[in-house]
Each structure stands twice: as structure tokens, then as C-alpha cells.
Amino acid sequence: KARTVLLATEKAFAAAAVGKIESVLKEANYTLKKLENYKGKDDLLAAVAGVDAMIIRSDIVDQAVLDKADKLKIVVRAGAGYDNIDLKACEAKSVTAMNTPGQNANAVAELVFGMMLVSARNNFDGTSGFELVNREIAFYGFGAVARAVHKLAQGFGMKSFAYDPYIPADKIKEMGAEPVSTVAGLFEHQYVSLHVPLTDETKASINKELLMKMPKGGSLINTARTEVVHEADMIEVLKTRPDFCYLCDVAPKDIEPFKAAVGDKYGKRLIFTKKKMGAQTAEANDNAARQERDMGVAHNQGYPFGDPQNKDYSIKGSKR
Ligand code: NAD
């Protein structure tokens with residue numbers, strides 16, 4: 001019997017990307033069922049019955065979805081992270097969960113530099129700013145996005161540091177960054193850029209104690225997840241340290257208290273993109289939808305994770 005793959009995207013992929021998915025599945029003799037731009041959870045719950053596989057983006061696959069998905073064997077998240085998939089519930093039903101980290105890495109990395117440059121030049125307000133050359137950037141998590149930022153940082157003449165307990169220190173060194181052995185060690189550098197997935201371990205892990213350690217002009221860049229930063233602490237640090245900057249692609253629900261903390265420095269010391277924009281480029285939109293077979297990363301099947309294009313530096317395991 002032909003297998004059915006459900007493409008469930010509340011925010012649809014680019015048409016060209018969908019065309020590529022269609023042709024791959026056709027060749028494999030699979031049936032594609034499309035649920036694009038759906039309006040509510042009920043639509044998703046109705047669509048999952050009887051499908052063998054699912055392709056999603058930021059769509060939520062929780063217990064309710066899995067309960068209705070009676071035939072489901074695999075769910076593939078086109079994107080990085082797994083925080084929209086209930087991995088425990090998947091494991092209980094022997095459903096494999098995979099994602100495609102790395103496909104949007106360059107898009108996010110370019111945004112990181114966009115925000116750094118805007119902040120360093122005071123949002124081009126006519127006043128004198130500073131240059132990035134010779135400055136230090138430290139990465140919390142050294143996966144696909146962090147490595148893409150590191151590559152750009154090298155071009156800018158910056159010095160990189162990285163903390164990632166899942167990557168051997170000599171591998172980090174080999175990639176041209178200085179390994180750091182504790183999270184706190186990252187906060188000795190002017191820029192700290194967050195590239196960890198949202199897990200119990202990383203949730204609210206960026207707190208006042210760490211942020212207050214940062215040198216003068218310390219800047220935190222967050223393109224990971226809003227929940228990684230302790231919200232109340234961040235507001236307090238923005239209030240008490242007039243030199244500190246927060247450059248963020250993953251804004252919290254209510255940005256007003258943050259804006260109030262910096263007053264007319266919003267857009268310079270504090271940047272929030274209008275909505276999560278890191279992966280929003282034509283290229284990333286296309287890449288994420290068509291990662292090659294064997295390059296995807298399975299959470300619970302013992303595949304390596306890390307940068308799929310750079311398997312040497314990835315680690316076996318499924319801590320996430
Ligand atoms: P990735 O899986 O390639 O890298 C994540 C890295 O974090 C891995 O190297 C892993 O070893 C490391 N890590 C895990 N737990 C850690 C911990 N407790 N301490 C230190 N390191 C830890 O993923 P990626 O593609 O680099 O993306 C990173 C995160 O960025 C994603 O999980 C996602 O939340 C976010 N992201 C956001 C956007 C956006 O649009 N803003 C786009 C892509 C990714």
C-alpha cells in the first residue's frame with residue numbers, strides 16, 4: 001500500500017520548495033497530502049489520521065496530534081530545534097522525530113551580523129559608533145548556526161570563543177574558536193551569542209548574575225529562543241547597565257517593559273526584530289524544505305546530531 005506523507009504547514013513553504021517535495025515523493029511512489037496555511041488545531045487533528053509520515057515547520061506536534069495520528073512513524077521538522085515536538089510522546093509511540101539543523105544557518109548568521117552592525121553604529125543616527133574588528137564573540141552552543149556566525153566573525157577579524165559540552169574542545173579549536181569550559185566563562189567577552197536549543201538545561205539559563213559579569217559594552221545576541229533568557233533579569237540589567245545591549249530575534253510576548261528599560265535607546269541598545277526573522281530568506285526557505293536524505297537528524301534513532309554537513313564534528317546521542 002502506498003505510504004502517505006502529510007505536509008502540515010501553518011505557514012506554507014515557498015511554492016518551489018513544495019514542488020521539489022512533491023517530485024521526490026512522486027518518484028518514491030508516496031502520496032502527498034497537503035495541509036498548508038491551515039487556520040486551527042482542529043484542521044491538523046483531522047489531517048493526521050492515517051498518515052505514515054509528517055513534514056512540519058514550527059507546527060506543534062503534541063500528545064493530542066499523536067493520539068489522532070494512528071499510523072504515524074516519522075515526523076520531520078524542517079528547521080532546527082525540537083521544541084515544537086513532544087519528544088517523550090513520540091518515543092512512547094515509537095515515532096521517530098527528525099529535524100534539519102544547518103539549512104537556515106547562514107540566514108541566521110547574517111541576521112546576527114546585521115543586528116551587531118546596527119547596534120555598533122547607533123542605528124545610523126549620525127553619531128560615531130565602533131568597529132567589530134578585533135572584538136570578541138563567545139558562542140553558547142557551537143552547532144550549525146554558531147559555526148556560520150563564527151565563519152563571518154573570522155571575516156570581520158573578530159576573535160571567537162565557544163562553550164558546547166557536546167563537542168570535544170580540540171574540535172572547537174580545530175574550527176578556529178577558543179573552547180570555554182563553563183557557561184560563565186562566555187560572559188567575559190563583549191559579545192555573547194546564544195545558539196543552544198531550548199531544553200530544561202538551557203531554559204532561563206541566562207540570568208542577571210551572568211549578564212552583570214559582562215565587560216563594558218557587553219551585548220547579548222539571542223537568535224535561539226526567547227525562553228533561554230530570564231526575562232525579569234534581562235529587564236533589570238537593561239535598566240541598571242546603560243552600556244549593555246540586547247539584540248534579539250526571538251522577542252518575548254510583551255516587549256514593552258524591555259523598551260521602557262532603555263527609553264530612546266530602543267533600536268540601538270535594544271533590538272527586537274518585528275517577528276522571528278532569522279530563517280526568513282528566500283534561500284533558507286528553500287533549503288529547509290529539501291534537506292538531502294541521510295542528512296536529516298533523528299532525535300531518537302541514534303543518528304549523530306550537530307551540523308549534518310560536517311559529521312566529523314557531530315556527536316552521537318540525543319541529549320536534546
Ligand atoms: P544545532 O543543533 O546545529 O546546534 C545546537 C548546538 O547546541 C549543538 O552543537 C549542541 O551540542 C549544543 N547544545 C545543546 N545543549 C547545550 C547546552 N546545554 N550547552 C551548550 N551547548 C548545547 O542547531 P542550530 O541550527 O545551530 O540552531 C540552534 C538553535 O537556534 C535552535 O535550537 C533553534 O532554537 C534556534 N534557531 C533559531 C532560528 C531563528 O529563526 N531565529 C533559526 C534556526 C535556529
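Residues numbered from 1 in each chain as written. Predicted model: local features only at pLDDT ≥ 70, side-chain atom pairs only at ≥ 80, totals over all residues. Heavy atoms only, no water.

Some details on the pairing of strand β4 (residues 74-77)
Only one face of β4 is covered, namely the face carrying Val75 and Arg77; the face carrying Ile74 and Val76 is uncovered. Bridge count between strand β3 (residues 53-56) and β4: 4 bridges; the pairing is parallel. The partner of Met54 across the bridge, within β4, is Val75. Sheet topology note: the β4/strand β5 (residues 96-99) ladder contains 4 bridges and is parallel. Residue pairing in the sheet places Val75 in a bridge with Ala97 of β5. Regarding topology, helix α4 (residues 87-92) serves as the crossover connection from β4 to the parallel β5, and that connection is right-handed. (Buried < 20%, exposed > 50% of the residue type's maximum accessible area, 1.4 Å probe, protein only. Helix = DSSP H or I, 4+ residues; strand = E, 2+ residues; numbered from the N terminus. Pairing = 2+ DSSP bridges. Right-handed = clockwise from strand over helix to strand, strands pointing away.)

Quick word on a negative patch on the surface
The grouping of Glu227, Glu231, Asp254 and Glu256 at the surface amounts to a negative patch. Tracing the chain through its elements places Glu231 in helix α10 (residues 231-240). Looking at Glu231, the relative accessible area reads 40%, which means it is partly exposed. (Patch = residues over 30% accessible without salt bridge, like charges linked within 9 Å, V, L, I, M, F, W, Y side chains within 5 Å. Areas by Shrake-Rupley, 256 points an atom, 1.4 Å probe, with all protein chains shown as cover. Salt bridge = Lys/Arg side-chain N within 4 Å of Asp/Glu carboxyl O. Lys, Arg positive; Asp, Glu negative; His and termini not counted. Charge placed at Lys NZ, Arg CZ, Asp CG, Glu CD.)

Observations regarding the state of the cysteines
Counting across every chain of the model gives 0 disulfides. Summary of cysteine pairing: Cys248 is not part of a disulfide, and the nearest cysteine sulfur, belonging to Cys245, is at 13 Å. (Disulfide = S-S within 2.5 Å.)

Concerning the domain arrangement of the protein chain
When cut into domains, the protein chain gives domain 1 (4-100 + 282-298) and domain 2 (105-272). Measuring from the centre of the C-alpha atoms in domain 1 to the corresponding centre in domain 2 gives 31 Å. (Domains from an automatic or database assignment.)

Focus: the sheet that holds strand β11 (residues 245-248)
The 7 strands lie next to each other as β8-β7-β6-β9-β10-β11-β12, forming an open sheet whose pairing is parallel. Both edges of this open sheet fall to β8 (178-179) and β12 (270-272), since each of them pairs with a single strand only. Sheet topology note: the strand β9 (residues 191-194)/strand β10 (residues 219-222) ladder contains 4 bridges and is parallel. The partner of Val192 across the bridge, within β10, is Leu220. Each of β6 (136-140) and β7 (159-163) touches helix α6 (residues 144-155); the most contacted strand, β6, lies at about 170 degrees to it. (Contact = heavy atoms within 4.5 Å. Axes fitted to C-alpha atoms, helices over the stretch in contact; angles between N-to-C directions.)

Thoughts on the packing of aromatic side chains
Following the criterion strictly, the structure yields 6 aromatic pairs and no others. Ring geometry for Phe139 and Phe142: centres 5.7 Å apart, planes at 40 degrees, overall tilted. Note on accessibility: Phe139 and Phe142 belong to one class, buried. Centroid distance Tyr266 to Phe272: 6.4 Å. Interplanar angle 45 degrees. Geometry classified as tilted. Classification of Tyr266 as partly exposed rests on a relative accessible area of 28%. Taken together, the aromatic side chains of Tyr246, Phe258, Tyr266 and Phe272 make up a single cluster linked through ring pairs. The lysine or arginine in question, Lys259, covers the ring of Tyr266, its NZ or CZ lying 4.7 Å from the ring centre. (Phe/Tyr/Trp six-rings, centres within 6.5 Å; stacked < 30°, edge-to-face > 60°. Lys NZ or Arg CZ within 6 Å of the ring centre and 35° of its normal.)

So, the nonpolar core
In this structure, Phe187, Ile206, Leu220 and Tyr246 are the most contacted members of the largest nonpolar core, which totals 32 residues. Among the elements that take part in this core, α10 stands out by supplying 4 residues, more than any other. If we ignore the near neighbours within four places in the chain, the residues touching Tyr246 are Leu220, Asn222, Val229, Met234, Leu238, Arg269, Leu270, Ile271 and Phe272. In this structure, Ala105, Val145, Ala177 and Ile221 belong to the second largest nonpolar core, which totals 30 residues. (Core = buried A, V, L, I, M, F, W, Y, C linked by side-chain atoms within 4.5 Å.)

Let's talk about empty space enclosed by the protein
Taken as a whole, this structure holds 1 cavity of 30 Å³ or more when the rule is applied. A volume near 30 Å³ is recorded for the largest cavity. Thr226, Val229, Glu231, Tyr246, Pro252 and Phe258 together form the lining of the largest cavity. Among the residues forming the lining of the largest cavity, the class breakdown is 4 nonpolar, 1 polar and 1 charged. (1 Å grid on protein atoms, 1.4 Å probe; cavity = no way out; pocket = protein on both sides within 12 Å on 5 of 7 lines; lining within 4 Å. Points joined across faces, edges and corners; volume = space filled by probe spheres on them. Nonpolar A, V, L, I, M, F, W, Y, C, P; charged D, E, K, R; others polar.)

A look at α6
It helps to recall that an α-helix has 3.6 residues per turn; residues three or four apart then point in one direction. For α6, with 12 residues, the first-to-last C-alpha span of 17 Å sits near the 16 Å given by 1.5 Å per residue. Of the surrounding secondary structure, the elements contacted by the buried residues of α6 are α5 (105-120), β6 and β7. Looking one or two residues beyond α6, the residue adopting positive phi is Gly157, at roughly 75 degrees. (Expected span 1.5 Å × (residues − 1).)

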